[in-house]
Structure formats: C-alpha cells, structure tokens
Amino acid sequence: MNTYDVIIAGFGPTGATLAALLGRHGHRVLAIERDAEVYQLPRAVHFDAEVMRIFQTLGVVDELLPHLRAISCCEFWTADREVLVHVPTDEPTDQGWRSDYLFHQPSLEKVLREKATGEPSVELRLCTEVLDFREDGETLEVDIRGHGHEVERVRARWLVGCDGANSLVRRKTGLELEDLIFDEPWVVVDIRGAKELRDAVIQFCDPARPTTIVAGAHDMQRFEFMLRPGEKGEEMVRPERLRELMAPWVDPDSIEIVRAAEYRFHALVAKDWLRGRVLLAGDAAHQTPPFLGQGMCAGIRDALNLSWKLDRVLRCGADPALLASYGSERAPHVRTFLEAAIAAGRIICTQDPALARQRDKTMLEARERGEPPPTLNSLPPLGEGLLQTPEADRHALVGTLAPQPRLTVDGTERLLDDVTGPGFRLVLRGGEPDASARRALERLEGHAVTWPDGGFFDEHGIHAFLIRPDHAVFGVARTPEQVGTLLEDALARLA
Ligand SMILES: Cc1cc2nc3c(=O)[nH]c(=O)nc-3n(C[C@H](O)[C@H](O)[C@H](O)COP(=O)(O)OP(=O)(O)OC[C@H]3O[C@@H](n4cnc5c(N)ncnc54)[C@H](O)[C@@H]3O)c2cc1C
C-alpha cells in the first residue's frame, strides 16, 4: 500500500493551498476531492494584504491579477443612505500589498489547484471521497472511494481535514466546534451588467432588509439580502424574487443573474485542531459570518501556519509535539476575527426599527467626533505557540505579522520575501551576524537581510527581528549581542 506524507481531504482553497505549500518542499501529498469541478455557487469575494502576501509566497500573484479588482472603500449606510462608517480599502500597507482585494472565487481556486498539481509530489484524485480512517501506529489508514469504484485503502503519516463546514474528518475524529452564537439566513446573488453601482462594498443597514452590495471582480456585482422571519430561501432565490430585491439598486431588467444561493451564516470554531495524526484546517475548523470577508482568508493562513510545521516534522525530524502550536496559535487569532465579524453582523442585521434608529444616532455621533469605526482596527497576534521565550517581558512584536519592506538590491527595489525567499528571515537594522549566529541561521535554513531604514527599529526599540516562514515575528533582539540567543531559542523550540 502507498504511504503518503500527508493526505488532504478536500481540495477547496484551503486544501489546494496546503497541497501547494507541502508540494514545494517535495512532500508526498495525496489530495482527495469529492467533486469534479471547483465550487461554482457565490461565496468569497474579498481577501486582504496578508493573504496576498501568502499568494506571493506561493508564486501565483501574476496568475491571480486578472481575477482581482481593487475598490476604494467599504461603507455602512443607514436606511436613508447616510454614511455611518467609511473604511478606505485601497491603502498601501506594511505588507507590500494593498489592504483589500476583490476576487472571483472559482477563478482563484483554479489558479491554486494548478499550482498544487504542478508540484510533482502532489497527487490529486477528483470525484473521490474520504469515507473513514483509523490510526495504526506511526501512520493512518484512510478509506477512499472514487465515483463508481470500490473502496480503496491508502496510508499516510498525517491526515488534514480541509473538507469544509460539514467536515467528515472533524465529525469522525470527534473534534467539537464551539458555537459563538450567530445564525442568520441570507440569500446571495451575483449579477452582471449593472451600470449604477459604486466601486465599493456597501453594508446597507436598513432594518427592513439588511443588504450587502459588493463591486466584484470579473465585471460582477454581488448582492446579499438578509431574509426576514418566515421567508423561505428556496422561494427567495427565484429570479423574479431576486429581481424585486435588487430593484432599489439596479434596473432589474438590464442585468444578468449569474448565480444565486441561500446560506445560513454561522460563527463556529473548533475547540481542538489536532487529535492524534489528524488535523483540521479552513472551514472544517472554523466558520465565520462573511461581514469582514475573512472565512477563506483564515483557511489560507491555517495552510501556511500548518505547512511549515509539518515540513519541520517530516523533513527535519522535529518532534511532532510542535504541531500542537498550530491550533494554539491559530484558534485565538480566528476567534478575534470571528468576534469582530459578529459585532459587524449585529450592526448590519438589526431588524428592529427603534434599535436601528438608536444605532444610527450613536454611530453618526461617534463619526462626527472623529472616532475610529467599530471594526477590527489592528490585526490580532497569534496565540501562544512557537514564539520567543520567555513569555514574561515579551516584546509586543512577537507573534504579530512582520512587515514586508521594499529593499534596494543591485539598484532595484524588491519586496523582502522576494529577496530572501520563504523560510526564517533575520532582519537586521545594520551590520552582519557573527559566525555563531550565521551557523545558527544555517541550521534554521534561514537568511539574514539588512533593512537600513532605521525608523521601524527605533519605533520598536530593537536591533533585529526573526520572521518565521508564515511571516509572523518569532522574536526580537533588542541589542546586537542578543541576536545569537534569539536564533538559539528558535532552534531549541523547533527541535
Ligand atoms: C456568501 C459567502 C460569502 C463569503 N465571502 C467571503 C469573503 O469575502 N472572503 C473570505 O475570505 N471568505 C468568504 N467566505 C467564506 C469562504 O468561501 C470559505 O471560508 C472558503 O471557501 C472555505 O474554504 P475551504 O477550502 O476551507 O472549504 P471548502 O471551500 O468548502 O472546500 C471543501 C472541499 O472539501 C470537499 N469535500 C467535502 N467532504 C469531502 C470528503 N469526505 N472527501 C473528499 N472531499 C470532500 C468539498 O467538495 C470541497 O471542495 C464566504 C462564504 C459565503 C458562504
């Protein structure tokens, strides 16, 4: 029987990203996907700068660009179309990319799939289901069945459930979801041909019909309508009902309905992300209401966090116990986004007219006072895990997303990750690492690079920082003398 390093159940955006990342390191991956084609119904439309940086890591930015759209802002409006919240979405960020991108999910998934299957060590079986699995010492046996075929048994060292919200892997493993209590029915429709819409994301907070309007990629526009009590999803997705719902915004007779679906939005996160040799990633591990456009983003972040740790275990013989840091780091990060999405959802989904009037008054007054909008204003750090020790007196940068500056190399400006490649990166404000630091860096398979702009280092009171392969800051050296200790600490944590 074939033994793979990793079997990935589900080849949506999370599974495909994970397969591509593991394949890049030459790991033998078997990806099992139930469907023949990528999912065609309307789902994700937005990702952020960090996810664009992960796509840069994967080497798919050029392939993705034709499927992206940039927009100027996200706004929350009252029922009278007064602006409650204005958030610019075209700002440059410290990640080297814009803050927000709109995209077409089926096209993005095709790019990710092609990247993964282009890796010689990645094998994909479409139209094949994972049925069951059991641990057997150092490996797992996994039962799979291709459509119309007999059950086949395959073997792997690790199984990752990237099999979506209804994950069989999660259910069979007995990993439970915590419910953060958000459960709202919506219909979602993508159209083409609307001339009247703004180049923005609008959350229309009308208590009579909470609505999201998104200027999407591929010349499409997205509408999401909250259902009122008693309304049935299957009735509301009929073209004539959808045209009625869209009539306040577009000429319903001049647009083409491309696709529509009904959804219940949930807020769930797995209590544990690992049991034995089984791990969860993406929607299998968490589901969020889409108001911040972060569900797929979280799955892409999971894939990068997990991939480099699996690589250390599979290739470098690191203790598999380090995989526990995957869930302990990712769960609190996901939870912060979930709570922010729920908070945004509660603003948007208010259906009581009196409460909506009160909400509008409070938010308009806050806006007049110049207060920041009630959304997530800074990215959360990772939870406790593979980070610099000791925890006490830890620098605030530890566990946060490292900046990606532009460096001048041979007279040309290039993004940091393109200069160094992926892996550990020691970024110094100046000078060279000494011989023992260079040896430690070699054992980490890392690179040293100088970022001569001292502003960031002065602001944080540091001489250097160490970036992990998932772009999180592992730790900092406050002085040149501390660089060696920082690297030795990273090596010890990865043993
Ligand atoms: C209306 C809506 C809007 C959204 N907007 C955004 C947004 O703007 N930004 C954002 O980041 N996210 C958004 N999301 C969320 C995003 O679409 C999901 O988080 C993302 O698609 C999850 O990816 P995944 O790979 O984890 O799971 P999925 O995409 O669900 O993929 C799971 C795969 O596993 C396969 N599978 C299932 N069971 C088995 C099995 N037993 N064997 C083999 N294969 C199996 C399935 O066929 C599927 O292909 C939105 C979601 C919705 C519904």
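Worth saying up front: this structure is predicted, and the values here are computed from it rather than measured.

Things to note about the overall build of the protein chain
Tallying secondary structure elements over the protein chain gives 14 helices and 25 strands in all. Taken against the 2.2 N^0.38 rule, which gives 23 Å for 495 residues, the C-alpha radius of gyration of the protein chain at 23 Å falls within 12% of a compact globule. Along the first, second and third principal axes, the C-alpha set of the protein chain runs to 70 × 65 × 40 Å. A total of 495 residues make up the protein chain; the buried ones form 45% of that total.

Topic: helix α14 (residues 483-493)
For α14, the full list of buried residues reads V483, L486, L487 and A490. Each buried residue of α14 lies within a common arc of 95 degrees when the element is viewed along its axis, so the set occupies one face. Packing partners of the buried residues in α14 comprise α12 (435-443), β24 (464-467) and β25 (473-477).

Digging into the site of the ligand
Around the ligand lies a shell of 35 residues, among which G10, G12, G164, G282 and G295 are the nearest. For the shell around the ligand, the elements supplying multiple residues, two or more each, are α1 (13-24), β3 (46-48), β9 (128-136) and α8 (295-316). For the shell around the ligand, the leading source of residues is α8, giving four residues. Taken together, the residues that form the shell around the ligand break down as 17 nonpolar, eleven polar and seven charged.

Quick word on the nonpolar core
Residues I7 and L159 are the most contacted members of the largest nonpolar core, which totals 108 residues. The dominant element in this core, judged by the number of residues it contributes, is helix α9 (residues 324-348), at nine residues. Residue contacts for L159: discarding those within four places in its chain leaves I7, A9, F133, L140, V142, V169, R277 and V278. With 31 residues, the next largest nonpolar core counts L387, F457, I462 and V473 among its residues.

Here's the deal with helix α4 (residues 105-117)
Residues spaced three or four apart along an α-helix point in a common direction, a consequence of the helix completing one turn every 3.6 residues. For α4, which comprises 13 residues, the first-to-last C-alpha distance of 18 Å matches the rise-based estimate of 18 Å (1.5 Å per residue) to within 8%. Buried residues of α4: Q105, L108, E109, V111, L112, R113, K115 and A116, and no others. Contacts made by the buried residues of α4 are with α1, β2 (29-32), α2 (49-58), α3 (61-64), β7 (100-103) and β8 (122-125).

Notes on the sheet that holds strand β16 (residues 256-270)
One open sheet accounts for eight strands, arranged β6-β5-β13-β14-β15-β12-β16-β19; its pairing is mixed. Of all the strands in the sheet, just β6 (83-88) and β19 (286-287) have a single pairing partner and so form its edges. Where strand β13 (residues 200-204) and strand β14 (residues 211-215) come together, four bridges link them in antiparallel fashion. Across the sheet, the residue bridging to I202 is I213, located in β14. Contacts between α9 and the sheet are confined to β5 (73-77), β12 (177-192), β13, β16 and β19, with β16 contributing the most and set at about 125 degrees to the helix.

Here's the deal with unusual backbone geometry
Along the chain, T389 connects to P390 via a cis peptide bond; the corresponding omega equals -10 degrees. Not every positive phi belongs to a glycine, and I181 is a case in point at roughly 60 degrees. The exposure class of I181 is exposed, given the 9 C-beta atoms found within 10 Å. Its identity as a non-glycine residue notwithstanding, D219 has a phi of 60 degrees, on the positive side.

Definitions and cut-offs
Think of each chain on its own: its residues are numbered from 1, step by step along the sequence as written. pLDDT decides what is reported in this predicted model: residues at 70 or higher carry local features, side-chain atom pairs at 80 or more are listed and counted, and totals for whole chains, interfaces and linings draw on all residues regardless. Helix numbers and strand numbers start at the N terminus; a helix is a DSSP run of H or I with at least 4 residues, a strand a run of E with at least 2. Atoms considered for the radius of gyration are the C-alpha atoms alone. The globule rule reads 2.2 Å times the number of residues to the power 0.38. Exposure classification rests on a simple neighbour count of other C-beta atoms within 10 Å of a residue's own: a residue reaching 20 or more is buried, one at 12 or fewer is exposed, and one in between is partly exposed. C-beta atoms are placed from the backbone. Each C-beta atom gives one direction from the helix axis, and the arc is the one those directions make. Residues are scored as being in contact if the C-beta atoms we place from backbone atoms lie within 7 Å. The criterion for a residue being near a molecule or strand is simple: its C-beta atom, placed using the backbone, must lie within 6 Å of it. Amino acids outside the nonpolar list (Ala, Val, Leu, Ile, Met, Phe, Trp, Tyr, Cys, Pro) and the charged list (Asp, Glu, Lys, Arg) are all regarded as polar, and Gly is one of them. Working definition: the nonpolar core is a set of buried Ala, Val, Leu, Ile, Met, Phe, Trp, Tyr and Cys residues, joined through C-beta atoms within 7 Å. To estimate the expected span of a helix, subtract one from its residue number and multiply by 1.5 Å. Two strands pair under a simple rule: DSSP has to find at least two bridges between them. For helices, the fitted axis covers only the stretch in contact; all axes are lines through C-alpha atoms, and the angles between them, taken along N-to-C directions, range from 0 to 180 degrees.

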